[in-house]
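Analysis of the macromolecular model
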Amino acid sequence: MPNPSVPPGQPRTVTVVGGGLAGISAACALADAGYRVQLLERRPYLGGRASSYEHPGTGEVIDNCQHVLIGRCTALIDLYRRLDSQDAIRWYDRFTFLTPGSPTQPAEETVIQPSFLPAPLHSSLAFLGAPAFSLPDKLAIARGLSSFLRGLPPDTDEDFLHWLHRHGQTRRAIDRFWKPVLVSALNEDLDRLSVHYAAKVFRESFLLSPQAGRMGIPAIPLSELYGRAMDYLRARGSEVCLRTSVDAIRPSDNGWLVTAADRSFPSDAVVLALSFEATATLISSLPHNAAAEELSAHLAQFEHSPITGIHLWLDREITTLDHAVLLDTTIQWLFNKSRLQPGHRGAEASYLELVVSASKSLVSMQRQEIIDLAMRELTLFFPALTTVNLLKAAVVKEVRATYSIRPGLDRIRPSSASPWPEIFLAGDWTATGWPATMEGAARSGYLAAEALTRSFGAPASFMVPELPPSGLMGVFFS
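Heads up: these notes are all about the structure in this document. Numbering of residues begins from 1 in every chain and follows the order in which that chain's sequence is written. Given that this is a predicted model, residues contribute local features only at a pLDDT of at least 70 and side-chain atom pairs are listed and counted only at 80 or more, while totals for whole chains, interfaces and linings are drawn from all residues. Excluding hydrogens and water, the side-chain figures rest on all heavy atoms present in the structure.

Time to look at the overall build of the protein chain. For helices the rule is a DSSP run of H or I covering at least 4 residues; for strands it is a run of E covering at least 2, with both sets numbered from the N terminus onward. Within the protein chain one finds 14 helices and 20 strands. A compact globule built from 478 residues should have a C-alpha radius of gyration of about 23 Å, and the protein chain, at 23 Å, falls within 12% of that. Every residue pair with non-hydrogen atoms within 4.5 Å of one another is taken to be in contact. When contacts within the protein chain are restricted to residue pairs at least 6 apart in sequence, long-range pairs at least 24 apart make up 69% of them. With the model as given, the accessible surface of the protein chain reaches about 19,200 Å², and the carbon-plus-sulfur share is 53%. Charge assignment: positive for Lys and Arg, negative for Asp and Glu; neither His nor the chain ends contribute. Where a charge lies is defined by one atom per residue type, namely NZ (Lys), CZ (Arg), CG (Asp) and CD (Glu). In the protein chain, 43 positive and 48 negative side-chain charges are present, and the distance between their average locations comes to 3 Å. All radius of gyration figures rest on C-alpha atoms, and the globule criterion is 2.2 Å times the number of residues raised to 0.38. The protein chains shown are the only cover counted for residues, whose accessible areas, like all others here, come from Shrake-Rupley with a 1.4 Å probe.

Here we come to the sheet that holds strand β11 (residues 246–252). Across a sheet, strands are paired by hydrogen bonds formed along the backbone, either parallel or antiparallel in direction. In this analysis, strands are considered paired if DSSP registers two or more bridges between them. Judged by pairing direction, the sheet is antiparallel, and its three strands sit side by side in the order β11-β12-β13 without closing on themselves. Here the strands that pair on one side only, and so sit at the sheet edges, are β11 and β13 (264–267). The mean inter-strand angle of the sheet, taken between neighbouring strand axes irrespective of direction, is 20 degrees. As paired elements, strand β12 (residues 255–260) and β13 share four bridges and run antiparallel to each other. Looking across to β13, one finds that V258 is bridged to F265. Orientation is described by lines fitted to C-alpha atoms, with helices fitted over the stretch in contact, and by angles between N-to-C directions that extend from 0 to 180 degrees.

In spatial order, the strands read β5-β9-β6; together these three strands make up an open sheet with antiparallel pairing. The open sheet has two free edges, formed respectively by β5 (69–70) and β6 (89–92), since each of these has just one partner strand. Where β6 lies against strand β9 (residues 215–218), four bridges are found, and the strand directions are antiparallel. When the bridges of β9 are listed, W91 appears paired with G216.

This part is about helix α10 (residues 290–299). Any residue under 20% of the maximum accessible area for its type is buried, any over 50% is exposed, and the rest in between are partly exposed; the area is computed with a 1.4 Å probe on protein chains only. Burial in α10 covers these residues: A292, L295 and L299. Within α10, the buried residues cover an arc of 60 degrees as seen down the axis, which keeps them to one side. Against the buried residues of α10 lie α9 (276–282) and β20 (423–426). As used in this structure description, the phrase polar contact means that two N or O atoms lie within 3.5 Å; if the pair is within protein, one of them must be able to donate a hydrogen and the other to accept it, and residues adjacent in sequence are counted only when both atoms belong to side chains. For α10, the N-terminal cap is N289; the gap from its side-chain oxygen to the backbone nitrogen of A291 is 3.1 Å. Directions are taken from the helix axis to each C-beta atom, and the arc is the one they span.

This part covers the packing of helix α2 (residues 74–82) against helix α13 (residues 438–455). Contact pair α2 / α13: the axes reach a minimum separation of 7 Å and the direction vectors enclose 70 degrees. The pairing of α2 with α13 is recorded here as roughly perpendicular in orientation. Along its contact with α2, which presents T74, A75, L76, D78, L79, Y80 and R82, the element α13 presents M438, E439, A442, R443 and Y446. Basically, the charged four are Asp, Glu, Lys and Arg, the nonpolar ten are Ala, Val, Leu, Ile, Met, Phe, Trp, Tyr, Cys and Pro, and anything else, Gly included, counts as polar. The class makeup of the residues in the contact of α2 with α13 is seven nonpolar, one polar and four charged. These descriptions rest on fixed angle ranges, namely under 35 degrees for roughly parallel, over 145 for roughly antiparallel, 65 to 115 for roughly perpendicular, and the rest for oblique.

It is worth spelling out the pattern of salt bridges at this point. What makes a salt bridge here is a side-chain nitrogen of Lys or Arg within 4 Å of a carboxyl oxygen of Asp or Glu, nothing more. Counting across every chain of the model gives 29 salt bridges. K392 is the partner of E60 in a salt bridge, and the nearest nitrogen-oxygen pair spans 2.9 Å. Of this pair, E60 sits in the loop between β3 (52–54) and β4 (61–63) while K392 sits in strand β19 (residues 390–403), placing them 332 residues apart in sequence. Exposure remark for E60: the relative accessible area of 13% places this residue in the buried category. According to the relative accessible area criterion, K392 is partly exposed, its value standing at 22%.

In this section: the nonpolar core. Definition used in this section: a nonpolar core is a set of buried Ala, Val, Leu, Ile, Met, Phe, Trp, Tyr and Cys residues joined via side-chain atoms within 4.5 Å. Within the largest apolar cluster, 79 residues are counted, with the highest numbers of intra-cluster contacts made by F160, F177, W178, L182, F202, I249 and L272. When residues in this core are grouped by element, the largest group, eight residues, is from helix α7 (residues 195–207). In this view, W178 contacts I141, G144, L145, F148, F160, L164, Q169, A173, L190 and F202; residues no more than four positions away in its chain are not counted. Grouped together as the second largest cluster of nonpolar side chains are 53 residues, A27, L76, Y226 and A273 included.

Our focus in this paragraph is the side chain of T402. Considering the arrangement of structural elements, one finds T402 in strand β19. T402 sits in the buried class, given a relative accessible area of 10%. Polar contacts involving the side chain of T402 include one to the side chain of N187, which spans 2.9 Å. Sequence-distant contacts of T402, defined by excluding residues within four places in its chain, comprise R49, L186, N187, E303, H304, S305 and A436.

With that settled, the discussion passes to the side chain of S85. Mapping S85 onto the fold places it in the loop between α2 and β6. We classify S85 as buried; its relative accessible area is 0%.

Right, here's the structure in full:
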């Protein structure tokens, strides 16, 4: 039976430029709809910023940065379904916050997890008993979260730190709740964050339903996870070209000609699934018009925010926790990769990854300075570290990890349509309704694929339904 998404006759040829999550999502959706897809990626692997590689200094395969998702990430979860990768994600609904200890006082645990109460109250019992917060802190947090029950505030010029002060948040509530969650989720400092997207994180992680706020962590290296897209696409007649850097896109008699160093790709349509700066460079070769000038001006206003990952291999295990939020220190998250990715188990008893999001203060620091800082701060939570041998370490600075989701940025985020016919935009920086996340990237790919099918007069739908609110949220606040 012919696929209704593709017009009769010869299948349309679509070139997807960029093999990150946005490009993979667009390519897989279009291949499933019967289009002939050419996916071009300049790196020797798929996944883009969500990748892994053999670190030259350690000989270990490491992820370029720890990536996580939540249950609300329906487009990303759908992509995993397409790639038959659901079993490669480990899900958690229990979160441990650690406050530093001392030589005579162990680190204190605050555990946040759902209870039998319906949403949005499902985590309230854990918060009531949380030792990391005083009663005024808890009341302030409850007051702040209640502001998001009925919906999200608009994306204005107000930053979230100003919003927190305006809503009477205590210093400890900011430092131990709002900041750890948001800086990790959105990779930006509170005084540079959009109120709209900050609210989105808390509404969807803490209020909508227990399922929406679950955290998923890949159980295999990222390049192995997203490398499965190569087999998926080739099985559907698509072509995947790695180490292929696109030089220019030019009009042709039958559409567009995408040119690389040693090959050209005739295309009925093109999806640009690149970072904002790479997109800005590539569109300079396209015909100029007023809309193109406006797009270029908007792209020039995007900024990056860095993430630093600190990888430590120890001769003994210092914790049985799979992951933890570390409070009151520079390092923010601990991921126990020996437990999360058992394939890493070897001669070293423990492999930990520490993450510092929005790590502007670390960018100029030397590798050894960062390792010393991490070991010093980690000892505050795990005193046994003083008797453990550090076998090897790596520091990975992703200076261009994400774009900065600043207040008012939605005004310049472009849709999947472009100023040129049959050219479409994808990337987490486009207008997806999500911030700089893997979910935003996956959604952008699906949205670009939908726009492309509409342009050819055979519209197809790739976006999956949102996860519905549960409990009282579904009755009174949906």
